[in-house]
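Observations on chain architecture
So you can see what is in the structure, the chains are spelled out below.
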Amino acid sequence: MIEIRHLCKTFSSGEDRVDALNDINLTIADGDIYGIIGMSGAGKSTLVRCINMLERPTSGQVLLDGRNLGALDQAALRQVRREVTMIFQQFNLLMQRTCLQNVCFPMELAGVKKADARRRATELLELVGLPDKAGAYPAQLSGGQQQRVAIARALATDPKVLLCDEATSALDPNTTAQILGLIREINAKLGITAVVITHQMSVVKEICRHVAILDHGTVAEEGLVSAVFAAPKSEAGRRLVFPGRVDEQVSDPRDQSQLRIIFRDSRTTSIPLVAWLAREQNVMASVISATTQPIDGETYGGMLLSVNRGELAAALDFLNAIPNLTVEEVTDLVR
């Protein structure tokens, strides 16, 4: 288990001071696939580097199975970094080494016998689907293949935790899906905890069970992916879940109210709500936008409606009575 307690990180240069992280509190359970998402500058990469102490927190604690990593000496930290390994956006492979030699490298540093390291590296290349690339060099591989080798290398020391820092950002959508599928497969087969750092909501929806949304160095909200993305409570969450909102006012606020509706299962996404409102309540609603999306094997949807202010109470009463539906009046469109 990873526990992050009141973690803060400040960067200072002369008189300049940047508070990159401010009072971060998170718990990541063993075997979870945990997403940390936010816009550029939210503090995601700083947080992941604090988890394995590549960045020392200014204050607060990071605990791995109850051990305070900030209190460990360098020898103990080196051992922890064999248990908490990392893959990166740019792969970071050694270009003058073959794929097999790249995977062997962390085992060499750990003092594993050469024959044992080669045997383990061969097994790992098989695991990531590249048994025929052992003698190839990174420059001979595609981006997705290089990331597979990087994953194999990260698994070489039998880690408990795999940190993925924007690991699919440099890949095309098809390759991204393949790498995410591989991480999910590794999580299922080996029970390794995966912490996925990303700015892409699609990545979190595809692979993660829990998510924390970072905004300007703080946790805006966190919880089950299905709960957070079905009905985000924070402004940062709504910006991620409901991107591309129109900036101009789409209806006269003096006469019209706007309702955001979230459908939390496939049954409610099929309900003809606008027709029901008109038939049952005589409420005429206009659809501003509507979307559906799969999350964790279930279909979720969202709709933004405009109704006459005088009909708002009737619309809310009717909609709130429908199971698995979340309704809120929107007083300020997310921009």
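The sections below set out a description of the structure shown in this document. Small disclaimer: the values here were computed from a predicted structure and weren't measured.

**Notes on helix H5 (residues 143–155)**
The terminal C-alpha atoms of H5 lie 19 Å apart, and with 13 residues this matches the ideal 18 Å at 1.5 Å per residue to within 8%. With 11 of 13 residues buried, H5 is to be regarded as a mostly interior element. Inspection of H5 places Gly144, Gln146, Gln147, Arg148, Val149, Ala150, Ile151, Ala152, Arg153, Ala154 and Leu155 among the buried residues, and these make up the whole buried set. Each element contacted by the buried residues of H5 is listed here: strand E6 (84–88), helix H3 (99–109), helix H4 (114–127), strand E7 (161–165) and helix H6 (173–190).

**Topic: helix H2 (residues 74–83)**
When we look at burial in H2, the residues that qualify are Leu77, Val80 and Glu83. Projected down its long axis, H2 carries its buried residues within an arc of 105 degrees, all on one side. Against the buried residues of H2 lie strand E4 (59–64), strand E5 (67–68), E6 and E7.

**Re the packing of helix H11 (residues 273–281) against helix H12 (residues 312–320)**
It is at 11 Å that the axes of H11 and H12 come closest, and there the two elements cross at 115 degrees. Considering the relative orientation of H11 and H12, their crossing is right-handed. Of H12, the residues touching H11 (which contributes Leu273, Trp276, Leu277, Glu280 and Gln281) are Ala314, Ala315, Phe318 and Leu319. Considered class by class, the residues forming the contact of H11 with H12 number 7 nonpolar, 1 polar and 1 charged.

**Quick notes on the state of the cysteines**
Overall, the coordinates contain 0 disulfides when judged by the stated rule. Left without a disulfide partner, cysteine 8 is nearest to the cysteine sulfur of cysteine 50, which lies 10.0 Å away. The exposure class assigned to cysteine 8 is buried, which follows from its relative accessible area of 16%. A disulfide-free cysteine, cysteine 99 has its sulfur positioned 11 Å from the sulfur of cysteine 104, the nearest such atom.

**Quick notes on unusual backbone geometry**
Negative phi values dominate among residues other than glycine, just as trans dominates among peptide bonds. Within the chain, aspartate 65 stands out as a residue other than glycine whose phi angle is a positive 50 degrees. Mapped onto the fold, aspartate 65 is located in the loop between E4 and E5. Backbone geometry places aspartate 158, a non-glycine residue, at a positive phi of 55 degrees. Turning to its location among the elements, aspartate 158 is positioned in the loop between H5 and E7.

**A short note on the pattern of salt bridges**
When charged atoms on two side chains of opposite charge get close, those side chains can pair. Applying the stated criterion to the full structure yields 19 salt bridges. A salt bridge links lysine 160 to aspartate 65; its shortest N-O distance comes to 3.1 Å. Of this pair, lysine 160 sits in the loop between H5 and E7 while aspartate 65 sits in the loop between E4 and E5, placing them 95 residues apart in sequence. Salt-bridge contacts for lysine 189 lead to glutamate 185; the nearest nitrogen and oxygen are separated by 2.9 Å. One end of the pair is lysine 189 and the other is glutamate 185, both in helix H6 and 4 residues apart, which spans about a single turn. For lysine 189, a relative accessible area of 55% corresponds to the exposed category. Members of the salt-bridge network, linked through shared partners, are Asp65, Arg67, Glu83 and Lys160.

Here is what the cut-offs are and how they apply
- Residues numbered from 1 in each chain as written.
- Predicted model: local features only at pLDDT ≥ 70, side-chain atom pairs only at ≥ 80, totals over all residues.
- Heavy atoms only, no water.
- Helix = DSSP H or I, 4+ residues; strand = E, 2+ residues; numbered from the N terminus.
- Expected span 1.5 Å × (residues − 1).
- Buried < 20%, exposed > 50% of the residue type's maximum accessible area, 1.4 Å probe, protein only.
- Contact = heavy atoms within 4.5 Å.
- Arc of directions from axis to C-beta.
- Axes fitted to C-alpha atoms, helices over the stretch in contact; angles between N-to-C directions.
- Left-handed = near helix turned anticlockwise from the far one by under 90°.
- Nonpolar A, V, L, I, M, F, W, Y, C, P; charged D, E, K, R; others polar.
- Disulfide = S-S within 2.5 Å.
- Salt bridge = Lys/Arg side-chain N within 4 Å of Asp/Glu carboxyl O.

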